[in-house]
Amino acid sequence: MKILLCGGAGYIGSHMLRRLLRDGHSVVVLDNLSTGHRAAVRDGELVVGDLLDAPLLERLFAHHRFDAAMHFCAKSLVAESVREPYACYRDNVGGTLNLLAAMRMHDVQRLVFSSTAAVYGMPLADSIDEEHPCNPINPYGRSKRMVEEILRDAAHAHGLRSASLRYFNAAGASGDASIGEAHEPETHLIPNALRAADVGAAPLSVHGTDYPTRDGTCVRDYVHVEDLADAHLAALTWLDTHDGAHAFNLGSGTGFSVFDILHAAGNVIGRGIPWIPAARRAGDPATLVADSARARDRLGWRPCHTQIESIIDSAWRWHRRRRY
């Protein structure tokens, strides 16, 4: 297939690009490089541009005969979305509407959308399936939920086939350590723990040690970034034969506390991770773990990277010789 990969220079998008090319697909990457990296697009065509640029999208769709689109573009920092909600909704919702309009104009009928577990808000259960109520508590989560609703309307009105993939915590790096997580600022636990292990680095701030969990720290579900790429490809294939708008959770189904991650990272690195206690962050639930049975049953997807130390080891190998 020929696929438009929006956000393909970012963390998850660059792993998706590699997965698609490995399977022989033709890919055009569209990325404004605000958080993505040109160096992460080692193969395929890169168009530097923005979903907010509707004329650019029209030119792209007129020039290429795309079979499908994958959409990873977003402003994804929760705190930023709270400070600047207009920008969050403009980019995450407005940009998606531009993409959908171009797809409709050029009869592209399949979309795989990068959603998030943030659509659920505060969990009502330790393990969350897709029937859990969606009540996002910040503009980022609400923007993703808005897009999911738009996709349902598009399915009804225009026959668009879509899959919204709700990630929990993406982690790890490519097997050859040539692409990986490179955010500034970095908000994810595993890369920040690895940074704290560097000589002279500040210790990791552990936000909350008094949660009602087995060791007092938050529990989260980590899924390897290459497993996420596999799930996107499985969803795209599934849309060949399934109408409508669909949502799938993507997680390992296993929860790890902050201290579990620090212990595992210490085992990988061979030394302890220095940390200091810090106040809880507003809106952080004690436990957030995915029930991914729907993805397993319908998409045939199962994560291959099931050991947390293996996931951390891939991130550590990237961290030691980051290329960008």
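Residues numbered from 1 in each chain as written. Predicted model: local features only at pLDDT ≥ 70, side-chain atom pairs only at ≥ 80, totals over all residues. Heavy atoms only, no water.

Looking at the overall build of the protein chain
A count of helical and extended segments in the protein chain gives ten helices and 14 strands. Taking 324 residues into account, the globule formula puts the C-alpha radius of gyration at 20 Å, and the protein chain, at 19 Å, falls close to it. Here the protein chain holds 324 residues, and the buried ones make up 52% of them. Sequence separation of at least 24 residues holds for 78% of the intrachain contacts in the protein chain that already meet a minimum separation of 6. Entry remark: accessible area of the protein chain is about 14,100 Å², with carbon and sulfur atoms responsible for 50%. (Helix = DSSP H or I, 4+ residues; strand = E, 2+ residues; numbered from the N terminus. Rg over C-alpha atoms; globule rule 2.2 N^0.38 Å. Buried < 20%, exposed > 50% of the residue type's maximum accessible area, 1.4 Å probe, protein only. Contact = heavy atoms within 4.5 Å. Areas by Shrake-Rupley, 256 points an atom, 1.4 Å probe, with all protein chains shown as cover.)

Considerations on the pattern of salt bridges
Evaluated as defined, the whole model comprises 19 salt bridges. Between Arg152 and Glu149 there is a salt bridge, with the nearest N and O atoms lying 3.8 Å from each other. In this pair, Arg152 and Glu149 both sit in helix α5 (residues 139-158), three residues apart, roughly one turn of the helix. In this structure, Arg317 engages Asp313 in a salt bridge whose closest nitrogen and oxygen atoms are separated by 3.1 Å. A residue pair is termed a helical-turn pair when its members lie 3 or 4 positions apart in one helix, as Arg317 and Asp313 do in helix α10 (residues 308-320) at four residues. A relative accessible area of 27% means that Asp313 is categorised as partly exposed. Salt bridges here are not isolated pairs; linked through shared partners, they connect Arg145, Glu148, Glu149, Arg152 and Arg166. (Salt bridge = Lys/Arg side-chain N within 4 Å of Asp/Glu carboxyl O.)

Concerning the nonpolar core
What tends to happen in soluble globular proteins is that the nonpolar side chains get buried as a cluster. With 34 residues, the main nonpolar core has Leu5, Ile12, Met16, Leu20, Met70, Leu165 and Leu250 as its most contacted residues. Contributing elements (two or more residues each) for this core: β1 (2-6), α1 (11-22), β2 (26-31), β4 (68-71), β7 (161-167), α7 (225-238), β11 (245-250) and α9 (293-299). Here this core takes eight residues from α7, the largest share from any one element. Non-local contacts of Met16, meaning those with residues more than four positions away in its chain, are made with Leu5, Met70, Phe72, Ala229, His232 and Leu233. Counting residues in each nonpolar core, the second largest holds 26 residues, with Ala193, Ala286, Ile312 and Trp316 among its members. (Core = buried A, V, L, I, M, F, W, Y, C linked by side-chain atoms within 4.5 Å.)

Things to note about the sheet that holds strand β3 (residues 45-48)
As summarised here, the arrangement of the seven strands in space is β3-β2-β1-β4-β5-β7-β11, forming an open sheet in which the pairing is parallel. Strands with a single pairing partner mark the edges of an open sheet, and in this sheet they are β3 and β11. For this sheet the average axis-to-axis angle between neighbouring strands, irrespective of direction, equals 20°. Here β4 pairs with strand β5 (residues 110-116) via three bridges, running parallel. Paired with His71 across the bridge in β5 is Phe113. Against the sheet, helix α4 (residues 85-105) engages β1, β4 and β5, with an angle of about 170° to β5. (Pairing = 2+ DSSP bridges. Axes fitted to C-alpha atoms, helices over the stretch in contact; angles between N-to-C directions.)

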